[in-house]
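Okay, here's what each chain looks like letter by letter:
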Amino acid sequence: MKKIYLLLLLAYTALNTSFLAQNALIKAPASPTATTSLLAPNGTSLHTVQRGCFLLTASELTVVGTNTAINSVGFYLNQGTNGPAVTGTIQIYLQNCADVSYLKGNNFATAIGPMSSVYNSTLTIPVIFGTTAISVALPSNFTYTGGGLYVAYDWISTGPFASGAAIFQADNSLGNAGAFSSSTIAPAPNIMSNSSIRPVFQIGYVNSYTNEAQVYGVLGNGRQPLIGGSPYTFSVVLRNNAGVAMTNVVPTLSVSGANSFVTTTTVASIPAGGTIIASFPGYTPTTQGMCTVAVTVPSDQNNLNNTYFTTQSVTCNYLSSSPPIPIVNYSQGVGFPANSGGLLLNIMSVSSTSTLNALRLGIATFNANTGNGVYGVITNSNGVILATTNTIVITGAMFSTYQTFSFAAPVTLAAGTSYYVGLAQPTAVVAYFPLASMPTATNNVPPNIYATSILGGGIIFAATPTLGVFAIESVLNNGISLTVTPLSSTICSGSPVSITASGATTYSWSNGANTSTISVTPNVYSAYTCTGSTIIGTVGACEDIKTSQVFVNLTPTINCSNGAICPVGGSYTLAPSGAATYTYAGGGPIVTPTITSNYTITATSGAGCPSLPKIVTVSVQPNVTVAISGPTIMCDGNNVTLNGTGASTYSWSPGALSGSSVIVAPLVTTTYTLIGSFGSCSNTALQTVSVSPQLTVQAFSTPSTICIGNTATLNAFGQAGAGTTSYSWSTGSTLQAIAVTPTVNTTYTVSGVSNGVCSSFTTVTVLVDPCIGFKPLFGSTAEIKVYPNPNNGSFAITISSITNNSVIVEVVVGIAPVGVAVG
């Protein structure tokens, strides 16, 4: 659904064409619905080059006759550049077509291929504040053949450029309207972007008509009530599209369907290019139902616009300028910007004194409408508010439906007096669009039918035709004394309320019920509308509508946490929230159970609505016995895990630790305190963790070298202060000192553990010598040789380098004496 921001002080342009002698100018599309600075040459350096191709449909060019010469093309400015004026070269192309939507694609070269170049020269974008048209005269006329018309342009400028872009009038009603491109460097891109917006063009043509009247529109109620029995009058809007004045134009009004009526009126004179409104003689419908209304002018030089059709629903008591179509056909919403409310109005009058009971207002489909309250209003012709209706808070279920707004006291309407009725939109911080409206061809919405005003009323602004047709209906008193009791009531959510209607024959409620009395149990604010119907004389079944509002105070919801206490001397305070006052079954909020118990709380809201009961459980906790398990000694530099048991929550110190298991790494012997809690009960446990110094194990062999078959003693020890140390050798022994008899060089490993927590290890090597024969004696100037070596007991000794001071001693070795030979 399309949304339309509505601003006060809107202007209406009554005429869309102007004529100068035989030359005529047409605005196509007839009236702007948007603005643009991108789709036409805007004079800035960011748009040095621009291209565009757009469609004008046949329905927008009906004033221009078949085989008519087009002699100028231009644009409509809302505002020129802010200086200086910018001149460039523009090439304009035209092509006749039968298209109703843009079908030329987005390739500019392909688009203009079959088109005619009708102008290739300069165009100046002026400095001007306010609306104006800029156009160029074609060097030779282009023949328009009577269908749609493609208009393309190619713009280039070398400056000087404006610092502010020109703003052009535009239209967004076609959907697929054309394509465009722009750039700072020539040429403009050949590939264009598709657009749902198109510029409003001025098309100049040679008006050759001497007899061309157009039925421009028909003024009449979409819903017309039978009550009162007074004649009803239709009016016709005629336009003279000829280049000369027309006289004695005779339009014919034909009503068919539920009612039949034919009449004519005579319009004495319509000036060239002029528009006039003429009234037909009144007719009095007698039967409810749908009617087709046609207004026709005699055959002339252009019969494509000689007849205009509309419809009218003859009802018992509904009055509306809106067409008699379902609300779902209203495809847009009208509303005011953020922080700006106002009135959306429709002018109405009655031919005989009547009473206004209610308004039916169509709610547009927009999520932003949800939660906003709107109401109905009636003003006099000067906008002074005469009465207001109940307020309805919009919900999603109301989207694309009529909602009934009832006046607390019926409003008396004087015959022949103009009033304005409609919807009041209060100010909100976010824009919303509550009133459904329906777009139509701009020239079919006559001036002064729809209007706006400030929220407090007192002034009337004619609404621009681009806002469309408002979904506003008046419900008149038709003699049915329908009453609804109560008109309003206030309940607590979940409580039933009965609403009774009387004064009619049959009843139909908005909730689907068709009995005179309904019982409802809404949980939020709800409005229940009753439509009462009764046969009234010859008019037939007439309806009246009344609404009962039910305001709902919410049932409070109590919030209160469960609790727990210790078995001896414990108490717990119940602390509910969510209501105004509370009642505690069996006493007050402080309870002292000896076993786990339930307590019931009830409450009342500030509006007096009772809550559902809330049950709170207070547990009596068992005694808490807290214990700590884990090592009592640790090796310096390591850590240990302490585990607490017997509670549900735990707090440790030192260290401000929590949890049932904690990891500690004290540097010195430390006592840890555990506080364990279960509910409001707690107990304490202690555990000391001693710190054992690190252990360094050393080992040595006595002797470090042995002969084969001999024995060495290995000793191990730890450093002072390490405490009691146990040892383990790679031989399997656990003694501190062990004896070993290796036959080869052997390395032994010993590990030690002190205080059961610190450990270390080291190695010691025992060297083994075979101890066979004699080794040469070195380190002396004498050389002693024993040979053979080894021997069987007989050997020789040779000594060399004997000095005068040398001494030879008899040596007894082995089994026999040794002889010494001196050489």
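Since we're looking at a predicted model, the values are computed, not measured. Here the residue numbering is sequential within each chain, running from 1 through the sequence in written order. It should be noted that, the model being predicted, local features are given only for residues of pLDDT at least 70 and side-chain atom pairs only at 80 or more, the latter also being counted only at that level, while totals for whole chains, interfaces and linings use all residues. Derived side-chain values reflect all non-hydrogen atoms in the structure, with water molecules and hydrogen atoms excluded from consideration.

K.L.:
I keep staring at the overall build of the protein chain and nothing clicks. Help me out?
P.N.:
Secondary structure elements are taken from DSSP: a helix is a run of H or I of four residues or more, a strand is a run of E of two residues or more, and numbering for both begins at the N terminus. Each helix and strand in the protein chain was counted, giving one helix and 70 strands. Residues classed as buried in the protein chain amount to 45% of the 823 residues present. A fraction of 70% describes how many contacts in the protein chain between residues 6 or more apart in sequence connect residues 24 or more apart. When the accessible surface of the protein chain is summed, it comes to about 36500 Å², and 55% of that surface belongs to carbon and sulfur atoms. With a 1.4 Å probe rolled over the protein chains alone, any residue whose accessible area is under 20% of its type maximum counts as buried; one over 50% counts as exposed, and the rest are partly exposed. Only heavy atoms enter the contact rule, under which two residues are in contact if any of them lie within 4.5 Å. Methods summary: accessible areas were calculated by the Shrake-Rupley approach with a probe of 1.4 Å, and residue burial reflects only the protein chains presented.

K.L.:
I tried to follow the nonpolar core on my own but got confused; where do I start?
P.N.:
Generally speaking, soluble globular proteins have nonpolar side chains that are buried together. To form a nonpolar core, buried Ala, Val, Leu, Ile, Met, Phe, Trp, Tyr and Cys residues must be joined to one another through side-chain atoms within 4.5 Å. Membership of the largest hydrophobic core comes to 46 residues, with the highest contact counts inside it found for Tyr330, Leu356, Ile378, Leu413 and Phe470. The element best represented in this core is strand 32 (residues 401-413), accounting for five residues. Excluding residues that lie within four positions of it along the chain, Leu356 makes contacts with Ile378, Phe407, Pro410, Val411, Leu413, Val421, Ser474, Val475 and Leu476. By size, the runner-up hydrophobic cluster in this structure holds 38 residues, among which are Val86, Ile90, Val118 and Ile134.

K.L.:
Any chance you could explain the pairing of strand 55 (residues 649-653) here in plain terms?
P.N.:
The side chains of a regular strand alternate, first on one face of the sheet and then on the other. Residues Tyr650 and Trp652 line the buried face of strand 55, whereas the alternating positions Thr649, Ser651 and Ser653 sit on a face that is not buried. Note on pairing: DSSP must find at least two bridges between two strands before they are called paired. Here strand 55 pairs with strand 56 (residues 657-658) via two bridges, running antiparallel. If you follow Ser651 over to strand 56, its bridge partner there is Ser658. From the end of strand 55 to the start of strand 56, which pair antiparallel, there are three residues, and Gly655 there has a positive phi angle of about 110°.

K.L.:
I'm lost on the sheet that holds strand 45 (residues 540-553) in this one. Help?
P.N.:
Backbone hydrogen bonds are what pair the strands of a sheet, in a parallel or an antiparallel way. Taken together, four strands build an open sheet; the order of strands is 40-45-44-42 and the sheet is mixed. If you trace the sheet from one side to the other, it starts and ends with strand 40 (488-492) and strand 42 (506-509), each paired once. Strand-to-strand twist of the sheet, defined as the mean angle between neighbouring strand axes without regard to direction, takes the value 25°. The pairing of strand 42 with strand 44 (residues 526-536) spans four bridges and is classified as antiparallel. Looking across to strand 44, one finds that Tyr507 is bridged to Gly532. Note on geometry: axes are lines fitted to C-alpha atoms, helical ones only across the stretch in contact, with angles between N-to-C directions running from 0 to 180 degrees.

K.L.:
How do you make sense of the sheet that holds strand 54 (residues 640-645) when you look at a structure like this?
P.N.:
Ordered in space as 52-54-57, the three strands form an open sheet in which the pairing is antiparallel. Looking at strand neighbours, the two that pair on one side only are strand 52 (627-629) and strand 57 (661-664), the edges of this open sheet. Strand after strand, the sheet turns through a mean of 25° between neighbouring axes, direction not considered.

K.L.:
Sorry if this is basic, but what is going on with the environment of Lys546 here?
P.N.:
For Lys546, the location among the structural elements is in strand 45. Ignoring sequence-local partners within four residues, the contact set of Lys546 consists of Asn357, Ser406, Leu482, Val484, Tyr528, Thr529 and Cys530.

K.L.:
I would appreciate a short explanation of unusual backbone geometry in the present structure.
P.N.:
Both trends apply: most residues other than glycine have a negative phi, and most peptide bonds are in trans. Cis peptide bonds are those with omega within 30 degrees of zero, and the linkage from Gly83 to Pro84 qualifies with -5°. Looking at where Pro84 falls in the secondary structure, it is placed in the loop between strand 6 (68-79) and strand 7 (86-97). A cis amide bond links Thr702 with the next residue in sequence, Pro703, at an omega value of -10°. Looking at where Pro703 falls in the secondary structure, it is placed in the loop between strand 60 (697-702) and strand 61 (705-707). You will see that Asn248, though not glycine, has its phi angle at about 50°, which is positive. On the basis of relative accessible area, Asn248 is assigned to the exposed category, the value being 54%. In this model, Ser400 sits at a positive phi of 55°, which is unusual for a non-glycine residue. The residue Ser400 is located in the loop between strand 31 (385-393) and strand 32 in this model.

K.L.:
It is not clear to me how the confidence of the model for the protein chain should be interpreted in this structure. Could you clarify?
P.N.:
Low-pLDDT portions of the prediction should not be read for the details of their coordinates. Confidence of the prediction at every residue is given by pLDDT, a number between 0 and 100. Counting all residues, the mean pLDDT for the protein chain is 87, and 89% of those residues have values of 70 or more. When the criterion is pLDDT under 50, residues 1-21 qualifies, and its contacts beyond four places in sequence or with other chains add up to 71 contacts. Counting contacts from residues 810-823, a segment whose pLDDT is below 50, to residues more than four positions away or on other chains yields 14 contacts.

K.L.:
Explain the state of the cysteines to me, please; I cannot follow it from the model alone.
P.N.:
When the sulfur atoms of two cysteines share a covalent bond, that bond is a disulfide. When two cysteine sulfur atoms are found within 2.5 Å, that pair is recorded as a disulfide. Applying the stated criterion across every chain, the model contains four disulfides. In this model Cys316 forms its disulfide with Cys542; the gap between the sulfur atoms is 1.8 Å. The S-S bond linking Cys316 to Cys542 shows a torsion near 100°; that makes this disulfide right-handed. With Cys316 in the loop between strand 25 (307-315) and strand 26 (318-319) and Cys542 in strand 45, the pair connects residues that are 226 residues apart, well separated along the chain. Side by side, Cys316 and Cys542 carry an identical accessibility label, which is buried.

K.L.:
Help me understand the pattern of salt bridges in this model?
P.N.:
Proximity of charged atoms lets side chains of opposite charge pair with each other. In the sections that follow, a salt bridge refers to a side-chain nitrogen of Lys or Arg positioned within 4 Å of a carboxyl oxygen of Asp or Glu. Following the criterion strictly, the structure yields six salt bridges and no others. A salt bridge links Arg198 to Glu60, with the nearest nitrogen and oxygen atoms 2.5 Å apart. Placement of Arg198 in strand 14 (residues 198-199) and of Glu60 in the loop between strand 5 (49-56) and strand 6 is noted, with a sequence separation of 138 residues between them. Judged by its relative accessible area of 18%, Glu60 is buried. Taking the shortest distance from any N to any O, the salt bridge between Glu473 and Arg360 comes out at 2.9 Å. Of this pair, Glu473 sits in strand 38 (residues 472-476) while Arg360 sits in strand 29 (residues 354-363), and the two are 113 residues apart along the sequence. Accessibility assignment for this pair places Glu473 and Arg360 in one class, buried. A single salt-bridge network, built from bridges that share partners, covers Glu60, Asp171 and Arg198.

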